[in-house]
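Topology and contacts: notes
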Amino acid sequence: MTTVLVAGTLTGYKLYRDTFGMFHVGQSDDDLDKKRPVNATGAINVLLVGSDTRAGDNKKYGQHMQDGGERTDTIMLLHIAPNRDGATLVSFPRDSMVLIPECRDVKTKAVVAPHLGMINSAFSTGGMICTRRTIETLTQIPIDHYVKVDFTGFKNIVNALGGIEICLPKDVNDKKAKLVLSKGKHIVKGETALAYVRARYALGDGGDISRIERQQVFISQVVKKATNSGLLTDLPKLQKFIAATADSVTMDNKLNGDALIQIAMSASKLSAKGFKGTKVPWEPYVADKNRVQWKQPAADNLFAGIRGDVEVTASPSPAATASGGTTPAAPKVTEPEQVKVQVFNGTNTAGKGKEVAEALAAEGFRVVGVGNALKSDGTDQPATMIRYTGQGWDQAKILSGKLQGEVKPETGKLAAGPVNPFTSEKTPAKPGRVAGPIIQLVVGADWKGVKIPLQVGDDAVTSETDICKG
């Protein structure tokens, strides 16, 4: 739905202006949002939630559950790259046991204290705001917008696209999911499409994990059909699509017409080929094997890759800039392997220097020493700093570009304290000497981390994934 809206507004600006009022709108934040992560990368992160509400047209899926409120049937994060040529869809297993932060109860408005629970309970307790806050708190990924779609909305979206092709590995007769289909390929719509993506038993093992990849393969086909069909350029068809789906879709109040137009204007390079789907790395929950927990450090590495997905633009050296705009010589240093670094812990957090040194070594930097560099009064350095001497601009710029948050290199020696030689325990250094000056990094209280490449693994779902596998 988000893909269609983003792409469709390029050709349907006036149309969308006229029909935007059809969508339901919810608050994007509340009084408990005191310190949210800031999006400084240029990427766009949209939280996508499938609601299992039984209200209204959805009561046929369990009228006895109407008084139980809403729960999340599906939780996903759509990450659109800074240069808009790729999108990564991350699924969060709804059986995940996580720490849910402080939220307001949607019914009583009372504040619910932080507690351990299944991730989908954040929605039943505190709605979209609590779900968004939970994902932000756990991942530190800034969520720009959210979109919620219920069962009826999902069916309407699939129907408006003319159905989606699926492929079954065997005959299915699942009375619980109300899915009866023969082995092979089918074009599914409406109830059949919904039953296919929700089925847990005939096409899975009863858990949420087995159906996630099936859902992502289905979404990849939705993306492919929406971007390859005439829907996005046929204004009458687009108007019918919006009219058919809007009543079952809720967006945050910041995702207005202007915001969508801005997104769409920058997303012209986005295509089905740029889509990748993955899930949060997981393992069985220790206290209950019917639940899952996020596997570390793999989960945090995935989140760090999304947080650090920044389009880096090369900058001329200070000397070249000051010389009147002459074209600078091509840098001789282009890779982390060519950069020697000393890491100084400027905080009172024990082991922080070694932790950062290991992270830099994993990205290829030749870390040659670790030391401490607190302020003279023993307090934390407030800001992270990079210093270089002589011809070290190219090396310093490579280091700066690999850090989350902006850290501008400066000339001059920064730390003079004792430095202990460093050898990585996890990443063996490549053989051979590294020429050039040593760059000094002081980790301050504002340290945000080392950028980790956004990698989704060999099992990621793409537009080329075989819909018949599994």
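Being a predicted model, the structure only gives us computed values, none of them experimental. (Residues numbered from 1 in each chain as written. Predicted model: local features only at pLDDT ≥ 70, side-chain atom pairs only at ≥ 80, totals over all residues. Heavy atoms only, no water.)

1. Observations regarding the overall build of the protein
Regarding its fold elements, the protein presents 12 helices and 24 strands. Burial analysis of the protein (470 residues in total) assigns 51% to the buried set. Summed over its atoms, the accessible surface of the protein is roughly 22600 Å², and 52% of this surface lies on carbon and sulfur atoms. (Helix = DSSP H or I, 4+ residues; strand = E, 2+ residues; numbered from the N terminus. Buried < 20%, exposed > 50% of the residue type's maximum accessible area, 1.4 Å probe, protein only. Areas by Shrake-Rupley, 256 points an atom, 1.4 Å probe, with all protein chains shown as cover.)

2. So, the pattern of salt bridges
Opposite charge on two side chains makes pairing possible when the charged atoms of those side chains draw close. In total, this model carries 12 salt bridges according to the counting rule given. For the salt bridge of D33 with R132, the shortest nitrogen-to-oxygen distance reads 2.7 Å. On the criterion of sequence distance, the pair formed by D33 in the loop between β1 (24–26) and β2 (44–51) and R132 in helix α3 (residues 121–139) is long-range, its members being 99 residues apart. Given the relative accessible area of 18%, D33 is considered buried. Ionic pairing is found between R36 and E136, a salt bridge with its closest N-O pair at 2.8 Å. Residue R36 is located in the loop between β1 and β2, and its partner E136 is located in helix α3; the two are separated by 100 residues in the primary sequence. Residues joined in a network through salt bridges with shared partners are D30, D33, R36, R132, R133 and E136. (Salt bridge = Lys/Arg side-chain N within 4 Å of Asp/Glu carboxyl O.)

3. As for the packing of helix α4 (residues 151–160) against helix α5 (residues 190–198)
Where α4 meets α5, the closest approach of the two axes is 9 Å, and the angle between their N-to-C directions is 115°. As for how α4 packs across α5, the hand of that crossing is right-handed. Contact residues: α4 offers F151, F154, K155, V158 and N159, while α5 offers G190, E191, A193, L194, V197 and R198. Taken together, the residues of the contact of α4 with α5 break down into six nonpolar, two polar and three charged. (Axes fitted to C-alpha atoms, helices over the stretch in contact; angles between N-to-C directions. Left-handed = near helix turned anticlockwise from the far one by under 90°. Contact = heavy atoms within 4.5 Å. Nonpolar A, V, L, I, M, F, W, Y, C, P; charged D, E, K, R; others polar.)

4. Description of the sheet that holds β2
Strand order across the open sheet formed by eight strands is β1-β14-β9-β2-β3-β4-β15-β24, with mixed pairing between neighbours. Either end of the sheet is taken by a strand with one partner, and the two such strands are β1 and β24 (461–462). As paired strands, β1 and strand β14 (residues 249–252) are joined by three bridges and run parallel to one another. Along β14, the bridge assignment pairs G26 with D252. Contacts between α4 and the sheet are confined to β2, β3 (72–80) and β9 (145–150), with β9 contributing the most and set at about 90° to the helix. Against the sheet, helix α6 (residues 209–228) contacts β3, β4 (87–91), β15 (275–279) and β24, and its axis sits at roughly 170° relative to β15. (Pairing = 2+ DSSP bridges.)

5. Concerning the packing of aromatic side chains
This model, assessed by the stated rule, comprises six aromatic pairs. Taking 5.7 Å as the distance between ring centres and 35° as the angle between the ring planes, the aromatic pair formed by F154 and F218 counts as tilted. Here the residue F154 occupies a position in helix α4, and F218 occupies one in helix α6, the gap between them amounting to 64 residues. Consider the rings of Y196 and F218, whose centres lie 6.1 Å apart with planes at 40°: the pair is tilted. Of the two residues, Y196 is situated in helix α5 and F218 in helix α6; the sequence distance between them amounts to 22 residues. F218 shares its class with Y196; the two are buried. Sitting over the ring of Y196, R214 keeps its end group 5.6 Å from the ring centre. (Phe/Tyr/Trp six-rings, centres within 6.5 Å; stacked < 30°, edge-to-face > 60°. Lys NZ or Arg CZ within 6 Å of the ring centre and 35° of its normal.)

6. Quick notes on the sheet that holds strand β19 (residues 366–372)
Remark on secondary structure: sheet strands pair via backbone hydrogen bonds, oriented parallel or antiparallel. Here six strands make up an open sheet; going across it, the order is β21-β20-β23-β18-β19-β22 and the pairing mixed. For this open sheet the edge positions go to β21 (409–411) and β22 (419–421), each flanked by a neighbour on one side alone. Looking at each pair of strands side by side, their axes are set apart by 30° on average, direction ignored. Two elements, strand β20 (residues 385–388) and strand β23 (residues 438–443), share three bridges in a ladder whose sense is antiparallel. Paired with M385 across the two strands is V442, which belongs to β23. Together, β18 (340–345), β19 and β23 form the strand contacts of helix α11 (residues 352–362), whose direction differs from that of β18 by roughly 155°.

7. Description of the state of the cysteines
Inspection of the entire model under this criterion finds two disulfides. Disulfide pairing is shown between C103 and C130; the S-S distance is 2.2 Å. Between C103 and C130, the disulfide has an S-S torsion of 85° and is therefore right-handed. A residue pair is termed long-range when its members are at least 10 positions apart, and C103 in strand β6 (residues 103–104) and C130 in helix α3 qualify at 27 residues. Classification of C130 as buried rests on a relative accessible area of 2%. Along the protein, the cysteines that take part in disulfide bonds pair up as 1-2, 3-4, counted in sequence order. (Disulfide = S-S within 2.5 Å.)

8. A few points about the confidence of the model for the protein
Confidence in the prediction of the protein, expressed as mean pLDDT, is 82, and 81% of residues score 70 or more. Mean pLDDT across the elements of the protein bottoms out in helix α10 (residues 318–322) (46) and peaks in strand β5 (residues 97–100) (97). In the model, residues 7–11 has pLDDT below 50 throughout and makes 12 contacts with residues more than four positions away in sequence or in other chains. Below pLDDT 50 for its whole length, residues 312–328 participates in 13 contacts with residues either more than four positions away or in separate chains. (pLDDT = per-residue confidence, 0-100.)

9. Comments concerning the side chain of T88
Looking at the secondary structure, you find T88 in strand β4. A relative accessible area of 8% places T88 in the buried class. Setting aside its immediate chain neighbours within four residues, T88 contacts L77, L78, H79, K276, T278, L454 and V456.

10. Observations concerning the packing of α5 against α6
Relative orientation and spacing of two packed helices are given, respectively, by the angle between their axes and the distance between those axes. Relative orientation of the contacting elements α5 and α6 amounts to 140°, with a least axis distance of 8 Å. Compared by their axis directions, α5 and α6 come out oblique. Taking contact as the criterion, the partners of A193, Y196, V197 and R198 in α5 are, on α6, R211, R214, Q215 and F218. When the residues that make up the contact of α5 with α6 are grouped by side-chain class, the tally is four nonpolar, one polar and three charged. (Parallel < 35°, antiparallel > 145°, perpendicular 65-115°, else oblique.)

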